[in-house]
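Summary of the model geometry
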Amino acid sequence: MEFEFNDEEAAYRREVREFVRDNLPAEWSGHMGFLQSDESFEFTRRFCQALAEKGWLTMAWPKEYGGAEAGYWKQTIFREEMWAQGEPRGPQYMSLNYIGPSIMEYGTPEQKAAFLPRIAGGTIVFCQGFSEPDAGTDLASLKTAALRQGDEYVINGEKIWTSYAHKADYCYLLARSDPEAPKHKGISLFLVPMDTPGITVRPIRSMSGWGDINNVFFDDVHVPVGARLGPEHGGWYVATGSLNNERIGVARWARAKALIDTLVELVDKPLPNGRRLADEPRVRQKLADLEISFRAARLMNYRVVSQIEEGLQPSWEASLARLHSVLLDQKVAAVGLEILGHYGLMRHEAGQDGDAAGISGLDGAFEGAWRGAIPATIAAGTIEIQKNLIANRGLGLPRS
Amino acid sequence: MPYDFRLSEEQLLFQREATRVISEMVSFDMARTAEDHGLAHVMDRWRRLGDLGYAGICAAEQHCGGELGLVELTLLAEQAGARAAPLPLVWHNAAVRSISRAADRPVRPELAAELASGRQIVTVAHLEAGDTADPRSIEAELAEQGGQFRLIARKTFVPFATIAQYFLATARFGDGYALALVPSESATVSPYRSTGRDGRAMVAVDATLSQDMLVASGDASIVEDLLGAVQVGLCGYATGASRAAMDMAVAYAKDRIIFGRALGSFQAVAHRAADMLYDVEGGQLLTLEAAWRIDSGRPAGDYVAGACAYVGAGSQRVLAHAHQIHGAIGFTFEHNLSLLSTVVKATAADLGREDVNQEKVAVALGI
């Protein structure tokens, strides 16, 4: 057994942390809301290109696709440092974590040549066209049609909750290619240019403002057969493999730890009345409880990493790790706002003077974390689905 | 690998053998008998376990010990917890570990060997009227008197006191602390009747002890090291008990038919089961990490406290879910779940109040 990083890994973490610190702009909020401004979004593109130049962007990939074949632990350290800083790679974590790998596995030589160098260079952004108004948790009920007509597919339908769609170059799209087949077996996966005629993106105003989620409409969108990724009608299996990667590829626990550390610093500062929140037992206990939950979540996720490194395929363990991570996300935000009260509700706004609010350096961190944590238990598989998977696969209980 | 959750070959072998031995030698009926007749009946099993080396797993080889670590103790304790075993495996092994490690003030080798082989039982006498593990609350006094030591102590809730031949008592000693070995005939043992079926008693001592009964003296770390070993062992015990309760509930939910369907096919039940696994797995990993940190000589106090806080609360949640899934049958004395439920509740008291454990983590965070 081993429960510690070695000196080499610790040094690599320091190097990444310093790089991020030196390259983050002062206005980077570090948490939610980077899609709200074009400047922030463009920064994420530039940041990814800088990472590509360092050889870090696709460190996990095989060398033949521009990667460095770095071990999974090194990737984990890298992801932790990215998420601790509010994921300055923006939406590109999706391309790196699962879209790129699925192209490696299922892509044609032409698709590999077209996409992988651009992903590795940090110059292409994808959105994920999975959910529909009537197909969220029950994703296989999706109705968006992609019907084959000769050498083309014609796509009609509607996707919703599509993050980054208004900025994306391509959509990683699930659509029904055989309406007559059983629902899991009639689905194909496509790589669709977002500037294809017939695609309309309608941003949805959410609790995070504009731009985090979108409606995407497909109205007689013609794509060539070469846009299909993987076997015809076999897209469900390509996509579910992707979702497994999504569950473990997001180092939410590292962002939670950054927020816990922020809270620890904040409660130590004297308030205008001279009191310190750190002197209140209930505050101390709540922070300790967060730290313990963080440690548990980190161990759960590290166990999954360890399994992958051993060449195993995590199953319920990945769902359990995700459950720990997303619940930690919500707990940290809730406790932060409870402890900080109105100070915690101060938003990240350009020009808002944190000192005037009485607590400097807060910069909307907990307000943003709270907003961001609400969908944490919904996106990429609700926690109810995760619990079903844990009960069925981990404990052998019958399906309902 | 930096974080490697795999047990070594030797640890796997130990775990397999411990699982086999405990499952063959310990039944839930031992706990049932203890409920009505105390612990006298466990002595035969205890001696057989001692003969197999399970009474001195952390002791030095020269003391007939296994020279293993606390990771192994938690693995053994998990198996004992899974059968609600009324055996002093955790307390005795933790005490023997401290005794065997006392290099500067060694107890007589033959006594250390007697203890490590389980022929004599030693337990830990630490709590006092304040019922807190904090060494600063110790009022027991050890004082040097003409080349010997006089111990005055009034220890509460001493586990397995009714069958122990020795108590490893914590005491103040000058400006610091001491661990002193007290023969049971030098103490007055007043049994309580409490839920844990673990022979709790008040142990009052006013005795003169020979020099070789002073196991260790120094700052609070000698007490904390002893209690750390006890606590990670008890975390293992509670985790084993709660995992067994989960397994029972899951098996019941698969077999029990309700409204024409398996009980476990209802999502409300399945989600309770998932919540149980969430707590059991989290508690086990935190416990192993704390044990590993102690074994590898790293600072571990806040990790032990974190495991205690998590396991103490989590194991009780698991039992609550298990009871709800079982319905009325789990409440019967005949059902093994009721035995697990009581040992989890009693162990939670030993793991300490959640706020006290959290405070240790808060201090480690720097607040």
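Along each chain, the written sequence defines residue order, and numbers are assigned to residues from 1. Key to labels: chains lettered from A, ligands numbered from 1, both in the order written. Residue-level local features of this predicted model are given only where pLDDT is at least 70; pairs of side-chain atoms are given and counted only at 80 or more, and the full residue set underlies all totals for whole chains, interfaces and linings.

Brief notes about the overall build of chain B
The condition is simple: Secondary structure elements follow DSSP: runs of H or I of four or more residues count as helices, runs of E of two or more count as strands, with numbering from the N terminus. The globule rule used here is 2.2 Å times the number of residues to the 0.38 power, and the radius of gyration it is set against is calculated over C-alpha atoms. Counting other C-beta atoms within 10 Å of a residue's C-beta gives its exposure: the residue is buried at 20 or more, exposed at 12 or fewer, and partly exposed in between, where C-beta atoms are placed from the backbone. The contact rule is simple: place each C-beta atom from the backbone, and if two of them lie within 7 Å, those residues are in contact.
Helix and strand content of chain B: eleven helices and eleven strands. Relative to a compact globule of 367 residues, whose C-alpha radius of gyration would be 21 Å, chain B shows 20 Å and is just as compact. Across its three principal directions, the C-alpha atoms of chain B cover 80 × 50 × 40 Å. Out of the 367 residues in chain B, the part that is buried amounts to 59%. Look at the contacts in chain B between residues 6 or more apart in sequence, and 75% of them connect residues 24 or more apart.

Overview of the overall build of chain A
Tallying secondary structure elements over chain A gives eleven helices and nine strands in all. Over its C-alpha atoms chain A spans a radius of gyration of 22 Å, differing by no more than 12% from the 21 Å that the globule rule assigns to 400 residues. Principal axes of the C-alpha set define a box for chain A whose edges measure 75 × 50 × 45 Å. Classification of the 400 residues of chain A by burial places 48% in the buried group. Considering only residue pairs separated by 6 or more positions, chain A has 70% of its internal contacts joining residues 24 or more positions apart.

Overview of helix H9 (residues 301-326) of chain B
Residues and elements named next belong to chain B. Operational definition: Any helix carries an expected span of 1.5 Å times its number of residues minus one.
In this model H9 runs 37 Å from its N-terminal to its C-terminal C-alpha over 26 residues, within 8% of the 38 Å that 1.5 Å per residue would give. With respect to burial, H9 is a largely interior element, 20 of its 26 residues being buried. Two residues or fewer past H9, Gly327 is found with a positive phi of approximately 70 degrees.

Structural notes on the domain arrangement of chain B
Residues and elements named next belong to chain B. Note the following rule: Start and end positions for the domains come from either an automated domain assignment or a database one. Residue polarity is assigned by list, with Asp, Glu, Lys and Arg as charged and Ala, Val, Leu, Ile, Met, Phe, Trp, Tyr, Cys and Pro as nonpolar; anything else, Gly included, falls into the polar class.
By the assigned domains, chain B splits into domain 1 (9-116), domain 2 (122-218) and domain 3 (221-365). Taken over C-alpha atoms, the centre of domain 1 sits 21 Å from the centre of domain 3. Facing 22 residues of domain 1, the contacting portion of domain 3 comprises 26 residues. Put simply, the parts of the chain that give the side of domain 1 that touches domain 3 at least two residues each are helix H2 (28-37), helix H4 (70-82) and helix H5 (89-101). The greatest single-element share of the side of domain 1 that touches domain 3, amounting to eleven residues, is contributed by H4. By residue class, the composition of the side of domain 1 that touches domain 3 is 13 nonpolar, six polar and three charged.

Re the interface of chain A and chain B
Definition in use: Any two strands with at least two DSSP bridges between them are considered paired.
Taken together, the contacts link 41 residues of chain A with 41 residues of chain B. Those elements that place two or more of their residues in the side of chain A that touches chain B are strand S1 (2-3), helix H7 (252-268), helix H8 (281-309), helix H9 (316-340) and helix H11 (383-394) of chain A. Among the elements that take part in the side of chain A that touches chain B, H8(A) stands out by supplying 16 residues, more than any other. In terms of residue class, the side of chain A that touches chain B is built from 22 nonpolar, seven polar and twelve charged. Looking at chain direction, S1(A) and strand S1 (residues 3-4) of chain B are connected through two bridges and run antiparallel. Residue A:Phe3 lies in a different strand from S1(B), and its bridge partner there is B:Tyr3.

Looking at the domain arrangement of chain A
Domain assignment breaks chain A into domain 1 (7-90), domain 2 (128-233) and domain 3 (251-394). Using C-alpha coordinates to define each centre, domain 2 of chain A is positioned 32 Å away from domain 3 of chain A.

Describing the pairing of strand S5 (residues 166-173) of chain B
All names here are of chain B. Most of S5 sits inside the fold, with seven of its eight residues counted as buried. Judged from the four bridges that link them, strand S2 (residues 122-125) and S5 form a sheet pairing that is parallel. In the sheet register, Val122 faces S5, and the bridge partner there is Tyr166. Across two bridges, the pairing between strand S3 (residues 141-145) and S5 is parallel. When the sheet's bridge partners are listed, Glu141 is paired in S5 with Arg172. As judged from the eight bridges shared by S5 and strand S6 (residues 176-183), these two strands associate in the antiparallel manner. Across the sheet, the residue bridging to Arg172 is Tyr177, located in S6. Taking the residues between adjacent antiparallel strands as the criterion, S5 and S6 are bridged by two residues, where Gly174 takes a positive phi near 60 degrees.

Quick notes on H7(A)
Under the 1.5 Å per step criterion, the end-to-end length of H7(A) is 25 Å for 17 residues, consistent within 8% with the ideal 24 Å. In terms of burial, H7(A) is largely enclosed, as 13 of its 17 residues are buried.

A look at unusual backbone geometry
We note that A:Trp161 has phi near 60 degrees; this positive angle belongs to a residue other than glycine. Its location among the elements puts A:Trp161 in the loop between strand S4 (152-159) and strand S5 (170-176). If you check the backbone angles, B:Arg197 has positive phi at about 50 degrees while not being a glycine. As for its placement among the helices and strands, B:Arg197 is situated in the loop between strand S7 (187-191) and strand S8 (201-209).

Describing the packing of H9(B) against helix H11 (residues 354-365) of chain B
Residues and elements named next belong to chain B. The criterion, for reference: Only the stretch in contact is used when fitting a helix axis, every axis being a line fitted to C-alpha atoms; angles between N-to-C directions are given from 0 to 180 degrees. The sense of a crossing depends on the near helix, which, turned anticlockwise from the far helix by less than a right angle, makes the crossing left-handed and, turned clockwise, makes it right-handed.
Two elements in contact, H9 and H11, have axes whose closest approach is 8 Å; the angle formed by their N-to-C orientations is 145 degrees. For the element pair H9 and H11, the recorded crossing hand is left-handed. When H9 is examined against H11, the residues Gly301, Asp302, Ala305, Gly306, Cys308, Ala309, Gly312 and Ala313 are found in contact with a partner set consisting of Glu354, Asn357, Gln358, Lys360, Val361 and Ala364.

Remarks on the nonpolar core
All names here are of chain B. Definition in use: The term nonpolar core refers to a group of buried residues, namely Ala, Val, Leu, Ile, Met, Phe, Trp, Tyr and Cys, whose C-beta atoms join them within 7 Å.
In terms of nonpolar packing, the biggest core is built from 251 residues, with Leu151, Leu168, Ala180 and Ala273 touching the most fellow members. Among the elements that make up this core, the one with the highest residue count is helix H7 (residues 221-255) (19 residues). Contacts of Leu168, omitting those with residues within four sequence positions, involve Ala95, Ser98, Ile99, Val122, Val124, Ala125, Leu179, Leu181 and Val215.

Thoughts on the pairing of S5(A)
Residues and elements named next belong to chain A. For S5, the buried fraction is high: seven of the seven residues fall into the buried class. Of the two faces of S5, both are covered, the one formed by Tyr170, Tyr172, Leu174 and Arg176 as well as the one formed by Cys171, Leu173 and Ala175. Sheet topology places strand S2 (residues 126-129) next to S5; four bridges connect them, and they run parallel. When the sheet's bridge partners are listed, Cys127 is paired in S5 with Cys171. Here S5 runs beside strand S6 (residues 187-193); their pairing, made up of seven bridges, is antiparallel.

As for the environment of B:Leu76
All names here are of chain B. Along the chain, Leu76 turns up in helix H4. Remark: the alpha-carbon pair of Leu76 and Tyr237, spanning 161 residues in sequence, is separated by 8.1 Å. Apart from residues lying up to four places away in sequence, Leu76 is in contact with Ala18, Tyr54, Ile57 and Leu89.

So, the environment of B:Leu127
Tracing the backbone through its elements, the reader meets B:Leu127 in the loop between S2 and S3. Setting aside chain neighbours within four positions, we find B:Leu127 in contact with B:Lys155, B:Thr156 and B:Phe157.

A look at the packing of H9(B) against helix H10 (residues 336-351) of chain B
Residue and element names in this part refer to chain B. Here is the rule: These descriptions rest on fixed angle ranges, namely under 35 degrees for roughly parallel, over 145 for roughly antiparallel, 65 to 115 for roughly perpendicular, and the rest for oblique.
Between H9 and H10, the least distance of the axes is 9 Å, while the angle of their chain directions is 160 degrees. Taken together, the axes of H9 and H10 lie roughly antiparallel to each other. Seen along the crossing, H9 lies across H10 with a hand that is left-handed. Each of Cys308, Val311, Gly312, Ser315, Gln316, Leu319, Ala322, His323 and His326 in H9 lies in contact with H10, whose residues at this interface are Leu337, Leu340, Ser341, Val344, Lys345, Ala348 and Leu351. Of the residues belonging to the contact of H9 with H10, the class tally is nine nonpolar, six polar and one charged.

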